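Residue-level structural notes
Listed below, chain by chain, are the residues.
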Amino acid sequence: MLYRTLKSLINKGRTEGLTDKIDIFYAAGKLTDEEYSELISLLG
């Protein structure tokens, strides 16, 4: 659910500060390695 929400925000262009939030969710174990990699690549 979190992954889909973050991906939706990226697709809508609402990316301000999102990299930091994604890093925090990943560090807290809320995202898998694959989800993290995909979200960061979408932001790049």
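Residues numbered from 1 in each chain as written. Predicted model: local features only at pLDDT ≥ 70, side-chain atom pairs only at ≥ 80, totals over all residues. Heavy atoms only, no water.

Some remarks on the nonpolar core
Membership of the largest hydrophobic core is limited to seven residues, which are Y3, L6, I10, L18, I22, L31 and L39. At the level of elements, α1 (2-11) and α2 (18-27) are the ones that each hand at least two residues to this core. Per-element accounting of this core gives the leading share, three residues, to α1. The residues contacting L6, other than those within four sequence positions of it, are L18, I22, F25, L31 and L39. (Core = buried A, V, L, I, M, F, W, Y, C linked by side-chain atoms within 4.5 Å. Buried < 20%, exposed > 50% of the residue type's maximum accessible area, 1.4 Å probe, protein only. Helix = DSSP H or I, 4+ residues; strand = E, 2+ residues; numbered from the N terminus. Contact = heavy atoms within 4.5 Å.)

Quick notes on the pattern of salt bridges
A complete count under the given rule lists one salt bridge for this structure. Across the pair K7 and E38 runs a salt bridge whose closest N-O atoms are separated by 3.0 Å. Pair noted here: K7 is in helix α1 and E38 is in helix α3 (residues 33-43), with a separation of 31 residues, a long-range link. Look at E38 and you get partly exposed, because its relative accessible area is 30%. (Salt bridge = Lys/Arg side-chain N within 4 Å of Asp/Glu carboxyl O.)

Some thoughts on the environment of T15
Its location among the elements puts T15 in the loop between α1 and α2. The spatial distance from the C-alpha of T15 to the C-alpha of T32 is 20 Å, given a sequence separation of 17 residues. Every residue in contact with T15, bar those within four places of it in the chain, is listed here: I10 and L43.

Some words on the packing of α1 against α3
Between α1 and α3, the least distance of the axes is 10 Å, while the angle of their chain directions is 10°. By the angle class used here, α1 and α3 are roughly parallel. Residues Y3, L6, K7 and I10 of α1 lie in contact with α3, whose contacting residues are E35, E38, L39, L42 and L43. Of the residues belonging to the contact of α1 with α3, the class tally is six nonpolar, no polar and three charged. (Axes fitted to C-alpha atoms, helices over the stretch in contact; angles between N-to-C directions. Parallel < 35°, antiparallel > 145°, perpendicular 65-115°, else oblique. Nonpolar A, V, L, I, M, F, W, Y, C, P; charged D, E, K, R; others polar.)

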